[in-house]
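Below are the chains, spelled out letter by letter.
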Amino acid sequence: MNIFVTGCTGYIGSHTCVELLNAGYNVIGLDNFSNSKREVLDKIKQITNKKIKFYEGDMLDESILDKIMNENNIDVVVDFAAYKAVGDSVVKPISYYINNVSSVLTLIKVMQKHNVKKLIFSSSATVYGKQDIMPITEEMPIGNTTNPYGTSKLFVEHILNDLSIADPEFKIIVFRYFNPVGAHPSGLIGENPNGIPANLMPFIAKVATKELECLSVFGDDYDTLDGTGVRDYIHIVDLAKAHLNGINKLNNMNEGGLLVYNLGTGKGYSVLEMIKTFEKVNNVTINYKIAPRRSGDIDTCYADSSKASKELGWTASLNLEDMCKDAYNFVINNK
Ligand code: NAD
Ligand code: UD1
């Protein structure tokens, strides 16, 4: 079976390609390296002993998508290609809407032309905005996003919903990822943000290696057990494996439609718990200070992932210790 993975050298794309290749799928990949490196292709090969059929190009370029569909008999598309930096999206909203929304429109147009009608789309827990009740289920309302990145994901969800009504042959899965962290246990692929990381785990890892001096804990007066923000961190390998379950589901759907699944562990951990676990499993000290809240942050966010468990047979199996160990292993291997 031929799986077309867009954004295949990115953080989630690369881990998913590894799982797809290990499971025996043929992987056809596209990336423009706007947020990843070509060397990831070699790392994927090192881990799996198999190669992706890779195309360098841009999702907005209809001709390359057309070429890929002409040259490969694609069964399923897994769409990861997007910009994802929340702060950056506030500064450059239009480039986020073009890259994250127009790319999906172009992709769908080409898929329809080639009669490829199975799609997995990478959405985010951010589409839920602020919810008062935890855990978050898929039935809860979406909207009230707080930045253009989140809104771009929301728009695409609406577009895909309209598409599934207008073209009932389309089989679509929307995954709403919670907080993917960690790295492949080989230490060969992982999250390698350019510059100073905006997210917690990569920041902690760089403080551990002394590349960064001190972690600012954004607020200790939230309505949580220790006052710091609580999130549902999920190991990247667990998240990647969910795409195999997603593909099985698409292949077994008797009719078209759109299905939405949360991907998280269902457990929330605070920033201080993250720091303590990281210190313990890696035998390091994390230098941190309490700083003011980060604007737009919420107290608590964790998933009810029981729908994915019931309908896809998927549950996360790796724990916070695995996430911290593998995140550190990756940064020390890639300093
Ligand atoms: P990433 O930036 O590591 O990977 C995205 C990849 O897509 C990169 O390799 C980039 O070069 C490529 N890309 C971007 N625009 C492109 C374009 N126009 N044409 C071709 N390639 C392009 O991000 P990630 O963490 O792997 O995220 C993958 C997807 O999952 C994104 O859609 C993201 O919004 C979504 N998501 C990520 C998270 C997270 O925390 N990492 C959470 C929720 C949702
Ligand atoms: C971030 C994104 C969100 C995306 C999600 C998925 C932001 C603002 N939001 O969410 O759109 O869907 O990742 O991975 O980037 N923290 C610190 N110090 C730091 C960094 C973070 O204390 O240096 C705290 C935050 O306040 C929060 C927690 O750590 O309580 C997690 O933050 P982060 O890793 O940025 O993830 P989210 O904000 O949940």
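Residues numbered from 1 in each chain as written. Chains lettered and ligands numbered in written order. Predicted model: local features only at pLDDT ≥ 70, side-chain atom pairs only at ≥ 80, totals over all residues. Heavy atoms only, no water.

What follows deals with the overall build of the protein chain. The helix and strand tally for the protein chain stands at eleven helices and 14 strands. Its C-alpha atoms give the protein chain a radius of gyration of 19 Å, near enough to 20 Å, the size a compact globule of 335 residues would have. Expressed along its principal axes, the backbone C-alpha trace of the protein chain runs to roughly 55 × 45 × 40 Å. Of the roughly 14,700 Å² that the protein chain leaves accessible, carbon and sulfur atoms contribute 48%. (Helix = DSSP H or I, 4+ residues; strand = E, 2+ residues; numbered from the N terminus. Rg over C-alpha atoms; globule rule 2.2 N^0.38 Å. Areas by Shrake-Rupley, 256 points an atom, 1.4 Å probe, with all protein chains shown as cover.)

Of all residues adjacent to ligand 2, which total 20 residues, the nearest are Ser124, Ser216, Arg231, Arg294 and Asp297. Within the side chain of Asn179, a nitrogen or oxygen atom sits 3.0 Å from an oxygen atom of ligand 2. A distance of 2.7 Å separates an oxygen atom of ligand 2 from a polar side-chain atom of Arg294. Protein contact buries 86% of the 740 Å² of open area that ligand 2 shows by itself. When residues of the shell around ligand 2 are traced back to their parent elements, those giving at least two are strand 7 (179-181) and strand 8 (215-218). When residues in the shell around ligand 2 are grouped by element, the largest group, four residues, is from strand 8. (Near = heavy atom within 4 Å. Polar contact = N/O pair within 3.5 Å; in protein donor to acceptor, adjacent residues only side chain to side chain.)

Simply put, disulfide is the name for a covalent bond between the sulfur atoms of two cysteines. One pass over the full model with this rule turns up zero disulfides. You can see Cys8 has no disulfide; the closest cysteine sulfur is in Cys17, sitting 5.1 Å from it. The exposure class assigned to Cys8 is buried, which follows from its relative accessible area of 0%. Take Cys214: it sits in no disulfide, and the sulfur closest to it among the cysteines is that of Cys324, at 18 Å. (Disulfide = S-S within 2.5 Å. Buried < 20%, exposed > 50% of the residue type's maximum accessible area, 1.4 Å probe, protein only.)

A word on the sheet that holds strand 6 (residues 171-177). Overall, parallel pairing links the seven strands, which are arranged 3-2-1-4-5-6-11 in an open sheet. With one partner strand each, in any of the chains shown, strand 3 (53-56) and strand 11 (257-263) form the two edges of the open sheet. The mean inter-strand angle of the sheet, taken between neighbouring strand axes irrespective of direction, is 20°. Here strand 4 (residues 76-79) runs beside strand 5 (residues 118-124); their pairing, made up of three bridges, is parallel. Each residue of the ladder has a partner; that of Val78, found in strand 5, is Ile120. (Pairing = 2+ DSSP bridges. Axes fitted to C-alpha atoms, helices over the stretch in contact; angles between N-to-C directions.)

The next subject is unusual backbone geometry. Cis rather than trans, the peptide bond between Met134 and Pro135 has omega equal to -5°. Note that Pro135 resides in the loop between strand 5 and helix 6 (148-166). Non-glycine residue Lys210 carries a positive phi angle of around 70°. Looking at where Lys210 falls in the secondary structure, it is placed in the loop between helix 7 (200-208) and strand 8. Of the residues examined, Lys210 reaches a relative accessible area of 66% and is grouped as exposed.

The next subject is the sheet that holds strand 9 (residues 230-231). Judged by pairing direction, the sheet is mixed, and its three strands sit side by side in the order 12-9-14 without closing on themselves. At either end of the open sheet lies a strand with only one pairing partner, and these are strand 12 (269-270) and strand 14 (300-301). Pairing of strand 9 with strand 12, which is carried by two bridges, proceeds in the antiparallel orientation. Each residue of the ladder has a partner; that of Val230, found in strand 12, is Ser270.

Using the criterion set out here, one finds 14 salt bridges in the structure. Across the salt bridge formed by Asp66 and Lys113, the nearest N and O atoms sit 2.9 Å from each other. With Asp66 in helix 3 (residues 62-71) and Lys113 in helix 5 (residues 93-113), this residue pair connects regions lying 47 residues apart in the sequence. The class for Lys113 is exposed, based on a relative accessible area of 55%. When the shortest N-O distance is used, the salt bridge between Glu211 and Lys206 registers 3.8 Å. Residue Glu211 is classed as partly exposed on the basis of its relative accessible area of 39%. Residue Lys206 is classed as buried on the basis of its relative accessible area of 14%. (Salt bridge = Lys/Arg side-chain N within 4 Å of Asp/Glu carboxyl O.)

Structural measurements only, silent on function.
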